[in-house]
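Listed here are the chains, written in short residue letters.
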Amino acid sequence: MSAYGAVAAFQHPDLLLEGGGTFRLSLSADVLASDVSLVIDVYDLDDETHPRGHLGWWKFPTRGLGTTVSGRITGDAGHLDVTLDGGELADSWVNPEPVRFTGLSVAAVLRAKTTNAIVSLERIPAFASAADLANFRGRWNRDLSTPAFALAGFQPPAGSTVHVVASSIVQRDAVGRLCLDVYRLLRQNGIDATLHAEHCAPELNDIVRHPRDLAATVGPDDQVLFFASTFDPSLEVVTGLRCRRKIAYFHRVTDPRLLRVFDPELAMTCQKALAQTARLGDFDRLAANSAASVRDLIAALGPRSRWHADDIAVVPPRLLAGVPDRPPPRSPRTSGARFITVGRLKSNKKLEDVLALFAAYLALDADAECWIVGSGDGKAYRDYLDWVERTELGIPAGRVHWLGSIDDDELARRYQSADAYLCMSEHEGFCLPLHEAMLHGLPVFAYAADAVIETLGGQGLCFETKEFGPAAATIHARLGDPARLARMVEGQFGHAAKLARTMDGRGFLDLLGPGASPGGR
Amino acid sequence: MRLAATIPAIPDPRPANAPDMTGTPAPGRLDIGVIIPLLNKYGGAERYLIECLRRWQHRHDITIYAHSISDSLLTEHGIGPGVRRAPLSNYFSGEHAMLLNGTLLPSIWRGEIGRHDVYYAHLWPTHLIDVDPMVCILHEPLRLLYDLRFDQDFLGDGSVVQAHLYPKPSYDYLAASTLEAELRALERFDRIGSPLQMVANSAQSARQLSAVFGRTVDTVVHPGVDIDGFIDLPTDTNLFVAIGQLWPHKRINLLIEAVALTDSAQLAVIGAGPQAERLRLMAERLGVDDRVFFLTDLNNRELRLLLARAAALLFAPVREPFGIVVLEGMAAGRPIIAVDEGGYTEVCHPDYAFLLPPYPAAFAEKMMLLQRDPELGRRMGAAARHAATAHTWQHCADRNEQLLVEACLTAKAARPEAARQQQRPLVGIQYFMWYGQGHGEAHWNDNPVHGYVTEKPLLGFYDSVQGRTIEHHLSTFEEMGLDFVIPNLHVDESGPNRREQAGIRNLLAIAERRRSDLRVAIQLCPYGRSVAAVNEALQDIAAHQASHPNYLQHGGKPVLFWFWSGALDANWEFFAAIAEHAARFTHVALGLRLPSGTGEQLRTGAFFSGFGPFSPLELADRDNWEKIWDVAYRDAERNGMTCRTATISPGYDDTALRDSRRAGNAFRQIAREDGATYARCMSFVEALDPPPHFVTVSTFNEFHENSHIEPTLGMGTHYVDMTAQFTARLRSRHGGGL
């Protein structure tokens, strides 16, 4: 069996229905030795819910198939059919209701016959036309030549490549965004680079490769930059690679206890990630997004590790193309304060505590508003927050605004028109929104989690306990004191600007360059 | 309002002496000894107990005895610090541990458990602890012996058996060759437990207990559930919840197999136990490790959040005695999918519960039915929540409290003398139990400073702790017609005097065994200022002596005398630090000084209920005795003290002691004058109006100060005889009876 076992992988990153809807799959040798079925599962690309966005699934026995199989997706008017050359359809479910779509998500799934468990799953996007596909690919700016970040002060050996590896690469996720920016940084400096991830956004699947390809593509002069933020089966593959240098960048793993009620699957993944973290000690260089993350990493590596905290570089987890000279001007309101908080709707962010703090503030300023920016795939936590807002805290309608996921321009406008930033998160690796808020001149009021304190750099105002009444009174007093507020914002901006100047990519170039190794003793 | 992760204590709406809601006359505040092997997890039995304690804690004195107690668990569920905690010895481990845990351990625990009005015991093997009166809720017979006897796992080559002795949290490992012999021995011993009242938590358990113990167990008190505070969230049709400890007989494996038979169901398994790894591996092998989640150490709010979203509660244990989680699922408005066996089936109805054979496919079918038909789930959930309202913890706690009250009344009926009321002054005597084993040993001329004696007791240089000494002294006390004995307990920086503690334990045990009417009231003698040492003594007295049937009570509380030198006067830090442990006693000072006019508050606050002289002959010259005694008697009353106390003494002479601290004392030698001094004291006391509650004799055997009345070679029984006549006169004047 290979490290990845039985796998059915598409030989192409996408599919055009107007071209006949033909697809080709590679079946690993293990498929033929396993008791599995091949299922082609098709959803609307914009609505992957069953049954609303589910067009259907088609199951084929793998017995008798070769290492390459071809098939075809055909259909119209919201109904599809799937056939496999040489494959006999064993079972299928086709949505009786028509499903209208612009694009499709086509998955090749291997399921164990006895237990029906998923053994492997790979998706590609499919479109009716090449124009639709090009439009889809354009969701990520593919101009990799225009300089945006720092210039590299070294030239790697000719023919060598930097392989950026992460568990998941999607644009709206902080880790994915960082990977893409580092990839852009390398490419703009003429350094050959690849991206690898177990999961990626479908619009990126033409540039993000699966880590199973690493062993075949990594050469002896290459470097691997591994982003560790959650459990990643490819870590085992990476540690086994023979190459010039392996670098791990640790984002910190969320405490599973903060996730287990609303997202037990993610909590379980984090638990596995924590167990896996000690393997990072095998890398040649280590870096982390904050000193707090370094402490976690050192603890995970154990007392017998060759690594010391001083050997681990702290590199901020963001690349910025420029730094503003001063915060945008703003005029504080005397009443009707507008609070903003930004982040994924995950239970470790403790948004219920933001609501509780805001509810306490409403007793002092009934016209206040709370803007919550961000989305999450967890309906359970969102339902809970609704219950907290309406039933438990009884916050009047119209006071809390759930803005969902918004683009960067809209986010900048919100930062500009808000009066203060609230953060009640209990576990962060860095907390980028705090940095953004400080750059926008927003006073930050936060619960004193360790990485939050570190990112604020002694600025802002941290609460050591979650006593919401006293905290609300403190915020109310501070917002009503223009002189102290101005000093607070000025201090925050100075710190944030200094931090931002280190975010031009130089930190990552240093990790990859030939300079003094920050590696372990 | 936020729903707190910590449950608040339930305030008691009823006054302490009000009749309870069941019509049983209340005996007032009970001193309840709660016994449970472990109270460090939130299982069914623990929940049952905790919910009762939450409701009783403000109207009864409660002490929990357990090998391990989680303070955070109690705090989270609203049990306050007023509920005392006392440790029991740990389980045996190693060879034959199971047998020892079922035979010897209950007996060891018996010795560690203090005196209480009534005992409330949960879980095996508390029924084997010989305390009375006991209300015992075993929850289930030891299933290892009975219905699960042949369900144990054999390990390796089959020579070792993995056995679970519930509620012990880990396995015992037994040699297969002696397993049956150990079980037979255990079974014979198990059946001898016979608490006054055995209670079952379901009719099913009642039948099992009746069959095992050969006695009718017909008192069934179902557990309850909190019907308020559940969170209303939209149902996640994929999420199913199972709650329980991960033992084989909980059959979590059945539920995991059921999940594997569905396409998308997820299962949150809430609980811990030795099967965890095996179950995780099973989920992985079935390909559902991404759909089965094992969660431990959830707080109450987290548990409720999971239940609030679940499509149903799954429950599949083998013949569960009750299964409180089913009630909790109902109260959360969740449909129930459960095996059709166990006590909880007594509260289930088809409107909201699928009761099924123990087949994974049967469970999977109902899970998928609820996934397909959310409206059915909603209707079943509403019916479940409505049905849950009939099963409240308040009802459960009230019924259990009624059983404790009845047990108490039954026990009291067997001790009619205990109910008698005080009608005359009670006469007690200062008793020193510090004497060692013969001349030259402790306090028998062991040192010239404070151990020198000039007289020889008729009994010889006795050992105070020895049973025969105590038997002899008790006979003397009874012959004198005394009502109580005041054993002195000296406390210095190193703690209470261990020898005196041992003597006091023997004194009480022997008094009880000989069915003596004599009562005992300890006198604490603090030397130094160690609060920790005094608290240690107070805790020990509270736990082991204060509730003894032979301990002296006054005003509904055990009496504690204090040898009060005045060194701790106005030491408010001291009074504050001992307040919690001191609260359950009536405190009476026997001082070297007088109560302070009307200003005693400025010295000792309201700590003492009575204040009399310890050594009345040392207070003034002979001419002013009656005057100063009267001042002492009246000033105590003027300071608001309700417990009137007077002291008599035959004489005093400490001049043989070479203690420099005594050198300046004014009255070191007060002659006995052949009993005239003693008689003068008696006359004063007999003339007091109102009469005292307590008359104390200083002393029976303080030989160093020659204040003793114990028969000696020199004095014979003269003073004992005088004392007997004195008590007879008091009885004649004031009537008999305590």
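Residues numbered from 1 in each chain as written. Chains lettered and ligands numbered in written order. Predicted model: local features only at pLDDT ≥ 70, side-chain atom pairs only at ≥ 80, totals over all residues. Heavy atoms only, no water.

**Student:** Tell me about the interface of chain B and chain A, and please be specific about residues and values.
**Tutor:** The partner chain A presents 22 residues to the 26 residues of chain B that form the contact. Buried surface at the junction of chain B and chain A, summed over both partners, amounts to about 1,900 Å²; 55% is from carbon and sulfur atoms. Residues Arg 301 of chain B and Glu 392 of chain A are paired through a salt bridge, measuring 3.0 Å at the closest nitrogen-oxygen approach. Across the contact surface, chain B and chain A share 6 residue pairs in polar contact (both at pLDDT 80 or more). Looking at the side of chain B that touches chain A, the elements that each hand over two or more residues are strand S15 (292-295) and helix H8 (300-309) of chain B. For the side of chain B that touches chain A, the element with the highest residue contribution is H8 of chain B, accounting for 5 residues. A per-class count over the side of chain B that touches chain A returns 13 nonpolar, 3 polar and 10 charged. (Contact = heavy atoms within 4.5 Å. Buried area = accessible area lost by both parts, 1.4 Å probe. Salt bridge = Lys/Arg side-chain N within 4 Å of Asp/Glu carboxyl O. Polar contact = N/O pair within 3.5 Å; in protein donor to acceptor, adjacent residues only side chain to side chain. Helix = DSSP H or I, 4+ residues; strand = E, 2+ residues; numbered from the N terminus. Nonpolar A, V, L, I, M, F, W, Y, C, P; charged D, E, K, R; others polar.)

**Student:** So what's going on with unusual backbone geometry? Residues and values would help.
**Tutor:** The omega torsion of the bond from His 50 of chain A to Pro 51 of chain A falls at 0°, within 30 degrees of zero and hence cis. Among the secondary structure elements, Pro 51 of chain A is positioned in the loop between strand S4 (36-44) and strand S5 (54-61). We note that Asn 445 of chain B has phi near 60°; this positive angle belongs to a residue other than glycine. Its location among the elements puts Asn 445 of chain B in the loop between strand S19 (426-431) and helix H13 (467-479). On the basis of relative accessible area, Asn 445 of chain B is assigned to the partly exposed category, the value being 25%. The residue Arg 515 of chain B is not glycine, and still its phi comes out positive at about 55°. You can call Arg 515 of chain B exposed: its relative accessible area is 75%. (Buried < 20%, exposed > 50% of the residue type's maximum accessible area, 1.4 Å probe, protein only.)

**Student:** Go over the pattern of salt bridges, please, and point to the residues and values.
**Tutor:** Inspection of every chain in the model, using the stated rule, returns 69 salt bridges over all chains. Here Arg 137 of chain A ties to Asp 14 of chain A by a salt bridge, and the two come within 2.6 Å at their closest N and O atoms. Here Arg 137 of chain A is found in helix H2 (residues 130-137), whereas its partner Asp 14 of chain A is found in the loop between strand S1 (8-10) and strand S2 (15-16), with 123 residues between them in sequence. The salt bridge partner of Arg 662 of chain B is Glu 705 of chain B, with a shortest N-O separation of 2.9 Å. Linking Arg 662 of chain B in the loop between strand S29 (652-653) and strand S30 (669-670) with Glu 705 of chain B in the loop between strand S31 (694-697) and helix H20 (718-734), this pair joins segments that are 43 residues apart in sequence. Pair check on accessibility: Arg 662 of chain B and Glu 705 of chain B agree, each one buried.

**Student:** Give a description of the packing of aromatic side chains that names residues and reports values.
**Tutor:** The relation between two aromatic rings is expressed through the spacing of the ring centres and the mutual angle of the planes. If you walk through the whole model with that rule in mind, you get 48 aromatic pairs over all chains. Here Tyr 384 of chain A and Trp 387 of chain A contribute two aromatic rings whose centre-to-centre distance is 6.3 Å and whose plane-to-plane angle is 20°, an arrangement assigned as stacked. With a gap of 3 residues between them, Tyr 384 of chain A and Trp 387 of chain A both fall in helix H9 (residues 379-392), about one helical turn apart. Judged by its relative accessible area of 2%, Tyr 384 of chain A is buried. Trp 387 of chain A gets classed as buried once you look at its relative accessible area, which sits at 11%. Ring geometry for Trp 564 of chain B versus Phe 608 of chain B: centroids 5.0 Å apart, planes at 75°, classification edge-to-face. Taken together, the positions of Trp 564 of chain B in strand S25 (residues 557-564) and Phe 608 of chain B in the loop between helix H17 (601-604) and strand S27 (610-613) put the pair 44 residues apart, joining distant regions of the chain. Among the residues examined, Trp 564 of chain B registers a relative accessible area of 1% and is labelled buried. (Phe/Tyr/Trp six-rings, centres within 6.5 Å; stacked < 30°, edge-to-face > 60°.)

**Student:** How would you summarise the sheet that holds strand S19 (residues 369-373) of chain A if you had to cite specific residues and measurements?
**Tutor:** All names here are of chain A. Within the open sheet, the 6 strands sit side by side as S20-S19-S18-S21-S22-S23. Their pairing is parallel. The two strands at the open ends of the sheet, each matched to only one other strand, are strand S20 (400-404) and strand S23 (461-463). On average, adjacent strands in this sheet sit at an angle of 25° to one another, irrespective of strand direction. In this sheet, S19 lies alongside strand S18 (residues 338-342) in parallel orientation, the contact comprising 5 bridges. Bridging across to S19, Phe 339 finds its partner in Cys 370. With respect to the sheet, helix H10 (residues 408-417) is in contact with S18, S19, S20 and strand S21 (420-423), its orientation differing from that of S18 by roughly 140°. (Pairing = 2+ DSSP bridges. Axes fitted to C-alpha atoms, helices over the stretch in contact; angles between N-to-C directions.)

**Student:** Please set out a negative patch on the surface residue by residue, giving values where relevant.
**Tutor:** Together, Glu 265 of chain A together with Glu 284, Asp 289 and Asp 290 of chain B make up a region of like negative charge exposed at the surface. Locating Asp 290 of chain B in the fold gives a position in the loop between helix H7 (276-285) and S15. (Patch = residues over 30% accessible without salt bridge, like charges linked within 9 Å, V, L, I, M, F, W, Y side chains within 5 Å. Areas by Shrake-Rupley, 256 points an atom, 1.4 Å probe, with all protein chains shown as cover. Lys, Arg positive; Asp, Glu negative; His and termini not counted. Charge placed at Lys NZ, Arg CZ, Asp CG, Glu CD.)

**Student:** So what's going on with H13 of chain B? Residues and values would help.
**Tutor:** Side chains of residues three or four places apart in an α-helix project in the same direction, reflecting 3.6 residues per turn. All names here are of chain B. Counted at 1.5 Å a residue, the expected span for H13 with its 13 residues is 18 Å, and the 18 Å between its end C-alpha atoms agrees. Along H13, the residues that are buried comprise Thr 469, Ile 470, His 473, Leu 474, Thr 476 and Phe 477. For H13, the buried positions fall inside an angular range of 160° around the axis, keeping them on one side. Residues of H13 that are exposed and angled more than 90 degrees away from the buried face: Arg 468 and Glu 479. Next to the buried residues of H13 lie S19, strand S20 (484-492), helix H14 (498-513) and H20. At the exit of H13 stands Gly 481, carrying a positive phi of roughly 75°. (Expected span 1.5 Å × (residues − 1). Arc of directions from axis to C-beta.)

**Student:** Got a sec to walk through the packing of helix H6 (residues 252-260) of chain B against helix H10 (residues 360-372) of chain B? Specific residues and values, please.
**Tutor:** Residues and elements named next belong to chain B. As a packed pair, H6 and H10 sit with axes 8 Å apart at the nearest point and diverge in direction by 55°. Here H6 lies oblique to H10, going by the angle between them. Between H6 and H10 lies a crossing of right-handed hand. Contacts between H6 and H10 involve Leu 254, Leu 255, Glu 257, Ala 258 and Val 259 on the former and, on the latter, Pro 360, Phe 363, Ala 364 and Met 367. Class assignment of the residues belonging to the contact of H6 with H10 gives a composition of 8 nonpolar, no polar and 1 charged. (Parallel < 35°, antiparallel > 145°, perpendicular 65-115°, else oblique. Left-handed = near helix turned anticlockwise from the far one by under 90°.)

**Student:** Before we move on, can you summarise the pairing of strand S14 (residues 223-228) of chain A with the specific residues and values?
**Tutor:** The side chains of a regular strand alternate between both faces of the sheet. All names here are of chain A. Counted residue by residue, S14 has 6 buried out of 6 residues, so it is predominantly covered. Here S14 shows two buried faces, one formed by Gln 223, Leu 225 and Phe 227 and the other by Val 224, Phe 226 and Ala 228. By the bridge criterion, 6 bridges tie S14 to strand S15 (residues 245-250) in an arrangement that is parallel. What sits directly across from Phe 227, in S15, is Tyr 249. Between the parallel pair S14 and S15, the chain is carried across by helix H5 (residues 234-239), and the sense of this crossover is right-handed. (Right-handed = clockwise from strand over helix to strand, strands pointing away.)

**Student:** Which residues make up the packing of helix H9 (residues 324-331) of chain B against helix H11 (residues 374-388) of chain B, and what are the values?
**Tutor:** All names here are of chain B. Between H9 and H11, the shortest axis-to-axis distance is 7 Å and the interhelical angle comes to 115°. Here Leu 327, Met 330 and Ala 331 of H9 lie close against H11, whose contacting residues are Gly 381, Ala 384, Arg 385, Ala 387 and Ala 388. Taken together, the residues that form the contact of H9 with H11 break down as 6 nonpolar, 1 polar and 1 charged.

**Student:** Any chance you could break down the side chain of Gln 245 of chain B for me, citing the residues and the numbers?
**Tutor:** Inspection of the secondary structure puts Gln 245 of chain B in the loop between strand S13 (239-243) and H6. Leave out the neighbours within four places in its chain, and Gln 245 of chain B touches Lys 41, Gly 43, Tyr 166, Lys 250 and Ala 272 of chain B.

**Student:** How would you sum up the sheet that holds S5 of chain A? Please name residues and give values.
**Tutor:** Residue and element names in this part refer to chain A. Strand order in this open sheet of 6 strands is S2-S10-S9-S4-S5-S8, and the pairing throughout is mixed. Strands with a single pairing partner mark the edges of an open sheet, and in this sheet they are S2 and strand S8 (91-94). Sheet topology note: the S5/S8 ladder contains 4 bridges and is antiparallel. Each residue of the ladder has a partner; that of Gly 56, found in S8, is Val 94. Against the sheet, H2 touches S2 and strand S10 (118-127), its axis set at about 110° to S10.

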